[in-house]
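# Examining the three-dimensional arrangement
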Amino acid sequence: MTSAQVDEGQVDKGRPGGDTGTGGEGYQRGLGARQIQMIAIGGAIGTGLFLGAGKAIDRAGPSLILAYVIAGLVIFFIMRALGELLMYRPVSGSFSEYAREFIGPFFGFVTGWTYWLFWVVTGITEVTAAATYMTYWWNIPQWLSALVFTVILYGANLISVKLFGELEFWFSMVKVTAIIGMILICAGVLTVGFSDAGDTATVANLWNDGGFFPNGITGTLMTLQIVMFAFLAVELVGVTAGESKDPKTVLPKAINTVPWRIAVFYVGALIMILSVVPWSTFKPGVSPFVKAFEEMGFGVGAAIVNFVVLTAALSSCNSGMYSTGRMLRDLALNGQGPRAFTKLTKNGLPLVGTTFSAALMLVGVGINYQWPGEAFNYVVSFATISGMWAWIMILISQIRYRRKADAGLLPQSSFKAPGAPYTSWFALLFIGMVIVMMAIDKDARISLYCAPLWALILFVSYRALRTRTPEKTTTGTH
């Protein structure tokens, strides 16, 4: 289905579950511009920034700012590649659909199931983290908090897609407000000089303590996997395509805000924090936001950041609930998953897929509490490489789509990626370099250990699928 067909209000009636409703594939277009914008913003702001940046600062010092600038540019290339595909054919399956069409059914199969696993694993870790954050205020058993959070988010995702959008809107609002507040406070410290850090706060802190590259270029390169991890889920806006009220207008606007989002929330926040507090003050495992508040003499900062990271964790789990059901349904519609996942509620929501994923999240939380050792950490670390797999599929799909569109074999997208395919090739090379850095780093290479096992499981599953239903594994969807 092309963007022109969406404008005319057509839907995919030929696929199981399709109907003549307001949304493609039987979904309802309940997500408005305000919600899509905040989903796009919130997808780029998570615990990777609020908590993970402490380790990255310790490794790279102020040069982490440059790492975020370069990685942010790559993310923009990825999102514009995704945007071009979305305007060609906006569907809820998003990059899984595009991989299936432009690379092959096997890659659509792998992408759909890998992205599903990514969000299940992320949901497990985030709801577990949210339960841990609750103990900051109250002595509540972690299993109880995790259960309550999961049930609430599961229920919200089964009421309407609009409620999901509202939850994400307010979750994102909390994160955005926190970062903007931190930037304004730091700006006040730098210009007016109030707080305990007023006498030492200066922009010169960005180069005074060992220079801008205190640990050399190598130190900066070794933080790239941490930086890219912080951007995981930015592609979630693509999954909302099938349920956006006006995808041709709303999605390009959301994608085009990526540069200023990264400039403000990552680069801007880091410049301010590292100007007010010398980089050597920050340590791994401690939120740079909490540490900055402490250095400025604002004791309430720890409680504020705890609330913000709680919100970020719930936001991520909420996104997981949303995306897993859609991915499972897309796989089922293409004969690459159990047919039960195709069923929708009267409100156009994928009940079975969402329920199955939520149940696994609860089981995973129990496993995490019972066996919090290295075995579970191996599974959790898989999130990084599986998230980047989705980016790789987006880029390759866009390159192949552009080649066919330029040859007149497919309609041109109304939202072309500037500089493509060169920008897409650059982004692929950059991701390849990040994977190499992960293999070199002993703390990060664990992420690569699970990939061969998962690939083997998918290969065997696909072979079995091809034996049973060969027509689903020999051609793409178009």
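Residues numbered from 1 in each chain as written. Predicted model: local features only at pLDDT ≥ 70, side-chain atom pairs only at ≥ 80, totals over all residues. Heavy atoms only, no water.

## Things to note about the overall build of the protein
Counting secondary structure elements, the protein contains 21 helices and zero strands. Considering the protein as a whole, with its 478 residues, one finds that 58% of them fall into the buried category. Within the protein, counting contacts between residues at least 6 apart in sequence, those at least 24 apart form 80% of the total. (Helix = DSSP H or I, 4+ residues; strand = E, 2+ residues; numbered from the N terminus. Buried < 20%, exposed > 50% of the residue type's maximum accessible area, 1.4 Å probe, protein only. Contact = heavy atoms within 4.5 Å.)

## Notes on the pattern of salt bridges
Inspection of the entire model under this criterion finds seven salt bridges. Ionic pairing is found between Glu97 and Arg89, a salt bridge with its closest N-O pair at 3.1 Å. Considered together, Glu97 and Arg89 belong to a single accessibility category, that of buried residues. Of the charged contacts, one joins Arg100 and Asp330 as a salt bridge, the two residues approaching to 3.3 Å between their closest N and O atoms. Of the two residues, Arg100 is situated in helix α6 (residues 95-102) and Asp330 in helix α17 (residues 301-333); the sequence distance between them amounts to 230 residues. The exposure classification of Arg100 matches that of Asp330, with both residues buried. Because the salt bridges share partners, they merge into one network encompassing Arg89, Glu97, Arg100, Glu101 and Asp330. (Salt bridge = Lys/Arg side-chain N within 4 Å of Asp/Glu carboxyl O.)

## So, the environment of Thr47
Looking at the secondary structure, you find Thr47 in helix α3 (residues 47-50). When its relative accessible area of 17% is taken as the criterion, Thr47 is described as buried. A sequence separation of 269 residues divides Thr47 from Ser316, and the C-alpha atoms of the two residues are 9.1 Å apart. Excluding anything up to four places from it in sequence, Thr47 contacts Gly52, Glu126, Tyr133, Val309 and Ala312.

## Regarding the packing of aromatic side chains
Tallied over the entire structure, the rule returns 25 aromatic pairs. Ring geometry for Phe231 against Tyr266: centres 4.8 Å apart, planes inclined by 50 degrees, an arrangement best described as tilted. With Phe231 in helix α12 (residues 224-231) and Tyr266 in helix α15 (residues 258-276), this pair connects stretches of sequence that are 35 residues apart. Overall, the relative accessible area of 0% leaves Phe231 in the buried class. Relative accessible area serves as the criterion here: at 1%, Tyr266 is assigned to the buried category. Put simply, the rings of Phe106, Phe107, Phe109, Trp389 and Tyr462 pair up and form one aromatic cluster. (Phe/Tyr/Trp six-rings, centres within 6.5 Å; stacked < 30°, edge-to-face > 60°.)

## Points about the confidence of the model for the protein
Of all residues in the protein, 89% attain a pLDDT of 70 or more, and the chain-wide mean is 83. Element-level pLDDT for the protein is lowest in helix α1 (residues 3-7), with a mean of 33, against a maximum mean of 94 in helix α20 (residues 422-440). In this model, residues 1-22 is a region of pLDDT below 50 whose contacts with residues beyond four sequence positions or in other chains number 51 contacts. (pLDDT = per-residue confidence, 0-100.)

## Observations concerning helix α8 (residues 142-157)
When the terminal C-alpha atoms of α8 are compared, their 23 Å separation across 16 residues agrees well with the 22 Å that a helix rising 1.5 Å per residue should span. Within the sequence span of α8, burial applies to Ser145, Ala146, Phe149, Thr150, Leu153, Ala156 and Asn157. Angularly, the buried residues of α8 cover 130 degrees about the axis, an arc narrow enough to put them on a single face. Those residues of α8 that are exposed and angled more than 90 degrees off the buried face are Trp143 and Ile152. (Expected span 1.5 Å × (residues − 1). Arc of directions from axis to C-beta.)

## Looking at the packing of helix α14 (residues 247-256) against α15
Where α14 contacts α15, the two axes come as close as 5 Å, and the packing angle between them is 35 degrees. Contacts between α14 and α15 involve Ala254, Ile255 and Asn256 from the former and Val258, Pro259 and Arg261 from the latter. The residue makeup of the contact of α14 with α15, split by class, is four nonpolar, one polar and one charged. (Axes fitted to C-alpha atoms, helices over the stretch in contact; angles between N-to-C directions. Nonpolar A, V, L, I, M, F, W, Y, C, P; charged D, E, K, R; others polar.)

## Thoughts on helix α5 (residues 64-88)
Spacing of three or four residues puts side chains on the same side of an α-helix, whose turn is 3.6 residues. In this model, α5 (25 residues) spans 36 Å end to end at C-alpha, consistent with the 36 Å of a helix rising 1.5 Å per residue. For α5, a buried count of 21 out of 25 residues is recorded, marking the element as mostly surrounded by other parts of the structure.

## Concerning the nonpolar core
Grouped together as the largest cluster of nonpolar side chains are 149 residues, with contacts concentrated most on Ile75 and Trp391. When sequence neighbours within four positions are dropped, the list of residues in contact with Ile75 reads Met228, Phe231, Val234, Val258, Ile262 and Trp391. (Core = buried A, V, L, I, M, F, W, Y, C linked by side-chain atoms within 4.5 Å.)

## Side note on the environment of Pro418
Considering the arrangement of structural elements, one finds Pro418 in the loop between α19 (374-406) and α20. Its relative accessible area of 43% is what places Pro418 among the partly exposed residues. Remark: the alpha-carbon pair of Pro418 and Arg80, spanning 338 residues in sequence, is separated by 7.7 Å. For Pro418, the contacting residues outside a window of four places in its chain are Arg80 and Thr423.

## Regarding unusual backbone geometry
Going from Ala420 to Pro421, the amide bond is cis rather than trans, its omega being 10 degrees. Tracing the sequence through the fold places Pro421 in the loop between α19 and α20. At Ala233, a position not held by glycine, the phi torsion is positive, near 95 degrees. Examined against the element boundaries, Ala233 turns out to sit in the loop between α12 and α13 (236-239). Overall, the relative accessible area of 11% leaves Ala233 in the buried class.

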